[in-house]
Amino acid sequence: MPFDRRADPVLKRLRWPLRLTQAGLVAERAMRAFWPLASVLMAALAALMLGLQTLLPEAVVWTGAIASVLAATAAFGWGGWRFRWPGRGEALERLDETLPGRPVTALMDTQAIGAEDAASIALWNAHKRRMAEAAAQARAPAPDLNVNAADPYALRYVAGLFLAVALLFGSIWQVVSIRDLGAEGTAVLNGPAWEGWAEPPAYTRLPVLYLNDQAEGTLKLPEGSRVTLRFYGEVGALSLAETVSGASGATPPPADGAQEFTVARSGSFSIDGSGGRKWQVEVIPDHSPKVAVAGQPVLENDGYTSLAFAAGDDYGVAGGQVRIALDLAAVERRHGLAAEPDPREALVLDLPLPLSGSRKDFTEKLIEDFAQHPWANLPVVFTFSAVDEAGQSAAAAGFGTELTARRFFDPLAAAVIEQRRDLLWARANAPRVAQVLRTLSHRPEGLFRDYGDYLRLRTILRRLEAYTVQGSIPEPRQGEITAALWDLAMQLEEGDVGDALERMRRAQERLSQAMRDGASEQEIARLMQELREATQDYLRQLSRQAEANGETLEPGEMPEDMMTLSQDDLQAMMDRIQELMEQGRMAEAEQALREFQEMMENMQMTRSQQGQGGDQGREAMEGLGETLREQQGLSDQAFRDLQEQFNPGARSGESQGNEGRDGGLGRGQSHQGGGQGGQGGEGNQGAQDSTPGGNGSGGREQPGQGGSLADRQQALRQQLQQQREGLPYLDGEAGDAAREALDRAGRAMEGAEEALRGGDNAEAIDRQSEAMEALREGMRSLGEALAQQRQPGQQNGQGQQLSDTAQGQRLDPLGRNNGATDDGGKVGEGNAYRRAWDLLEDIRRRAGERERSERERSYLRRLLDRF
């Protein structure tokens, strides 16, 4: 459409849509004319950003550069020849084509006929108004940039993809390196030039140095650094001289101008020629790594052995190993170890390294389970070694110690493990091991807890004897037998014990055996933890049994074992045992452990005897408990008399504090003959008046309300005799054991009586101790016998008939009333236990006083050994 001035009013209203349409036409024609030029430029820029000019030979780069310039020039000329700038008329026509009815053309038309007719003129004007309204809705059309017809192979997209890859993986700064293409030619004109880099080894994690930025002088470089130099200009204008790599003299560069060398020692290197430099190189040495043992082997609670070690290196430790070899010279060559050992390779383990943080200086622990290794608990030598990233290695001096591993404290399990060790030591030990195993299994009664374990041992024995040929055993069979022995020892040590009480007993036995064997602190701590866990399981089992039997566990109806001691009390006792062990007082700790074991067994006895045996059984238990306390009182009185015998007047300052410590029996009559209680037959009338009047504790006069110690001991013996005769009928082993224990208690009381009449208080105290121990054993057996007589379904009915004594003053595990002690103090307040402990501490103190006579100190030591 030719431009017409009459369209000016129309163009004023359409100036912005018209301008945008004209710009779109420019874009269309530019795209069609210059897409080859754009493709060439994108491809060239992508090649430069990816750094191809630094990777390809210089001739190829120059050829590509010239070809790119020629192609760009040709594409620009072809585009300029085809490109035509669009006029306003062309833009107006493109815009009008997009409107329905071509309103712009209609607005520029004139009325051809009826120009003088008013009606025609009005119609024409109405038509132009409608066209003007349509033209006002004009919008610039989108340009058509499709050049598929001109580029059927989509070369422009290939160039665009190439540029996108360069933008992602290349760098725009690579473009500036194109100036290096002319550096040589420039150097020819301006003189020689050089570039250099010093690259430390990667494991040092130090940055690369650009030598052009380093001033002349001292240059510190790590050992093994790689120096790279590039010379530009005339060949031979620059040369290298260095003494750091081992070579000497000036080294001419190769034809391509690049030269490399490795820094191995301190020295110098220089670039000789115009613009060259010189540096004194000070090498930072790479020392060998260091490694050392940092402690003793420790047996952890889970049975693993840990050994701490320290290691370090200038730039970090890359790895390490520990070699464990048998220290044959330190082995005690006896029993199964007397034979010549079979050849065995040293044990080599990789050292653990920190997973995070620096490895320049660290301390770690080697943690392994050596329990099944043939050298477990035998002398070995640990040799630690470490290696760094440079391949340098170093080893620590051999560290001799035992290969600490789990120990077995069950005697039978320990014996099996010892035979397993001997068989692993030498296959020639097979006949000896078979002989020992046959000895262990000869009389299994009382040795094996489970008959199945005995059968397993016999099976292993038969297999071992069958495999033994000419005094030895084949190596594959050796592994089979030792694996079976290990499984048997684990079963004997830990077992598959379902009963919580039995588990607790096993834990107590193992801990006691460990103390006697002098086990390490870690082993004792592990066994003590096992005892704590087993005790907690036992208490939970008691609670579950109470619930299963329909017991409500109300405060007034709680089982007496629950009322006697709380879990805090048990925990305090176990803490005391552990404290004694940590202090090295193993004898006292073992005695405390035995007391704890007896108390827990009595707890089971009293728990099972509730509601059983009727009133007669309960009265018998209460009577024996009362007799036990009275015997304790007589023993305390005899001990105080013995103190006065050896140290007259010592009680003057203690009489007030000791008053009433004889278990409720009082001081009795004044001691005659300087404290020789029981001289002659004095006080017989008092003894006769105190004859018990029944089986139980009620309805009898307390023996010892008058008379000498001997008379009171006689009355107590007669009381015990009547209690024994009044016991309910009890069949079975437990009943027989109860009666036999009470017989022994009576005989011990008779011996104490004779000793008191003879003035030998020391002997009397020993016999009284035997009587009390027999009484305790008799009470335990009596409780077990009563429990065996219990019939199903009797508990609830008999529980409703408990007397006040059985409900409110139940017996504790030692046979005492739960309600109150002999001096009125509550058991919960710990008075009785505290008195006993104070007495033991006093005996220990007196036994250690050297000013006392040897006879008295010897007797006090015997007391400590007994109690």
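Computed from a predicted structure; not experimentally measured.

A.B. asks: If you had to explain the overall build of the chain to someone new, which residues and values would you point to?
C.D. replies: If you tally the helices and strands in the chain, you get 28 helices and 18 strands. The burial tally for the chain puts 43% of its 867 residues in the buried class. In the chain, the proportion of contacts linking residues at least 24 apart, taken out of those at least 6 apart, comes to 72%. Surface summary for the chain: the accessible area is close to 44200 Å², and the carbon and sulfur share equals 51%.

A.B. asks: Run through helix α23 (residues 732-757), naming residues and quoting values.
C.D. replies: Its 26 residues give α23 an end-to-end C-alpha distance of 38 Å, which sits within 8% of 38 Å, the value for a rise of 1.5 Å per residue. Two residues or fewer after α23 comes G759, characterised by a positive phi angle close to 80°.

A.B. asks: Give a detailed account of unusual backbone geometry, specifying residues and quantitative values.
C.D. replies: Of note in the backbone geometry, A154 takes a positive phi value of approximately 55° without being a glycine. By the secondary structure assignment, A154 is in the loop between α7 (118-135) and α8 (155-169). Even without glycine at this site, N377 takes up a positive phi of about 65°. Inspection of the secondary structure puts N377 in the loop between β15 (361-368) and β16 (379-388).

A.B. asks: Could you give an account of the packing of helix α12 (residues 451-467) against helix α13 (residues 475-493), with specific residues and numbers?
C.D. replies: In contact at an axis separation of 10 Å, α12 and α13 are set at 165° when each is read in the N-to-C sense. Accordingly, the angle class assigned to the pair α12 and α13 is roughly antiparallel. Relative to α13, the crossing made by α12 is left-handed. Contacts between α12 and α13 involve D453, R456, L457, I460, R463, L464 and Y467 on the former and, on the latter, R477, E480, I481, A484, L485, D487, L488, Q491 and L492. When grouped by side-chain class, the residues that make up the contact of α12 with α13 number 9 nonpolar, 1 polar and 6 charged.

A.B. asks: Can you explain the sheet that holds strand β1 (residues 193-199)? Please cite residues and give values.
C.D. replies: Across the sheet, which stays open at both edges, the 4 strands sit in the order β2-β1-β4-β7 with antiparallel pairing between neighbours. Both outer strands of the open sheet, β2 (209-210) and β7 (258-262), are each paired with one neighbouring strand and no more. The pairing of β1 with β2 spans 2 bridges and is classified as antiparallel. Residue W197 lies in a different strand from β2, and its bridge partner there is Y210.

A.B. asks: Kindly report on the confidence of the model for the chain, identifying the contributing residues and their values.
C.D. replies: Residues of the chain with pLDDT of at least 70 account for 74%, and the chain-wide mean is 75. Segment residues 551-564: pLDDT under 50, and 36 contacts once partners within four positions in sequence are set aside and those in other chains are kept. In this model, residues 605-614 is a region of pLDDT below 50 whose contacts with residues beyond four sequence positions or in other chains number 33 contacts.

A.B. asks: Account for helix α10 (residues 411-425), naming residues and giving values.
C.D. replies: With 15 residues, α10 should reach 21 Å at 1.5 Å per residue; the first-to-last C-alpha distance of 21 Å fits that figure. The element α10 is largely enclosed, with a buried count of 11 among its 15 residues. For α10, every residue scored as buried is listed here: L412, A413, A415, V416, I417, Q419, R420, D422, L423, L424 and W425. Check the buried side of α10 and you find it contacts β13 (317-326), α11 (430-440), α12 and α13.

A.B. asks: I'd like a description of the packing of α11 against α12, backed by residues and values.
C.D. replies: The interhelical angle for the contact between α11 and α12, taken along N-to-C directions, is 155°, at an axis separation of 10 Å. Taken together, α11 and α12 sit at an angle that is classed as roughly antiparallel. The two elements α11 and α12 cross, and the hand of that crossing is left-handed. Between α11 and α12, the residues in contact are A430, V433, A434, L437, R438 and L440 and L457, R458, L461, L464 and E465, respectively. Within the contact of α11 with α12, the residues separate by chemical class into 8 nonpolar, no polar and 3 charged.

A.B. asks: Tell me about the side chain of R406, and name the residues and values.
C.D. replies: Relative to the elements of secondary structure, R406 occurs in the loop between β18 (399-402) and α10. Overall, R406 belongs to the buried group, its relative accessible area being 13%. When neighbours within four sequence positions are excluded, R406 is seen to be in contact with L299, A371, N377, M490, E493, E494, R510 and R526.

A.B. asks: An account of the pairing of β13 is needed here, citing residue identities and associated values.
C.D. replies: Along any regular strand, the residues point their side chains to alternate faces of the sheet. Where β13 and β16 come together, 9 bridges link them in antiparallel fashion. Bridging from a neighbouring strand, G319 pairs with V387 of β16. Inspection of the sheet shows β13 paired to strand β14 (residues 347-350) by 4 bridges, in the antiparallel sense. From the neighbouring strand, R323 faces β14, where its bridge partner is V348.

A.B. asks: Lay out the packing of aromatic side chains with the relevant residues and their values.
C.D. replies: Per the stated rule, a full pass over the model turns up 12 aromatic pairs. Centre to centre, the rings of W194 and W279 are 6.2 Å apart; their planes meet at 80°, and the pair counts as edge-to-face. Highlighted residues: W194 in strand β1 and W279 in strand β9 (residues 278-284), separated in sequence by 85 residues. Judged by its relative accessible area of 9%, W194 is buried. Considering the side-chain rings of F408 and W486, the 5.5 Å spacing of their centres and the 85° angle between planes classify their relative orientation as edge-to-face. One end of the pair, F408, is in the loop between β18 and α10; the other, W486, is in helix α13, with 78 residues separating them in the sequence. Judged by relative accessible area, W486 falls into the buried class, the value being 10%. Within the aromatic cluster, the residues linked to one another by ring pairs are F34, F76, F83 and W85.

A.B. asks: Hey, could you go over the nonpolar core for me, with residue numbers and the actual values?
C.D. replies: Residues L775, L782 and Y859 are the most contacted members of the largest nonpolar core, which totals 35 residues. Mapped onto this core, the elements with two or more residues apiece are α19 (614-646), α22 (709-725), α23, α24 (761-788), α27 (831-847) and α28 (854-866). In terms of residue count, the dominant contributor to this core is α24 (10 residues).

Calculation criteria
- Residues numbered from 1 in each chain as written.
- Predicted model: local features only at pLDDT ≥ 70, side-chain atom pairs only at ≥ 80, totals over all residues.
- Heavy atoms only, no water.
- Helix = DSSP H or I, 4+ residues; strand = E, 2+ residues; numbered from the N terminus.
- Buried < 20%, exposed > 50% of the residue type's maximum accessible area, 1.4 Å probe, protein only.
- Contact = heavy atoms within 4.5 Å.
- Areas by Shrake-Rupley, 256 points an atom, 1.4 Å probe, with all protein chains shown as cover.
- Expected span 1.5 Å × (residues − 1).
- Axes fitted to C-alpha atoms, helices over the stretch in contact; angles between N-to-C directions.
- Parallel < 35°, antiparallel > 145°, perpendicular 65-115°, else oblique.
- Left-handed = near helix turned anticlockwise from the far one by under 90°.
- Nonpolar A, V, L, I, M, F, W, Y, C, P; charged D, E, K, R; others polar.
- Pairing = 2+ DSSP bridges.
- pLDDT = per-residue confidence, 0-100.
- Phe/Tyr/Trp six-rings, centres within 6.5 Å; stacked < 30°, edge-to-face > 60°.
- Core = buried A, V, L, I, M, F, W, Y, C linked by side-chain atoms within 4.5 Å.

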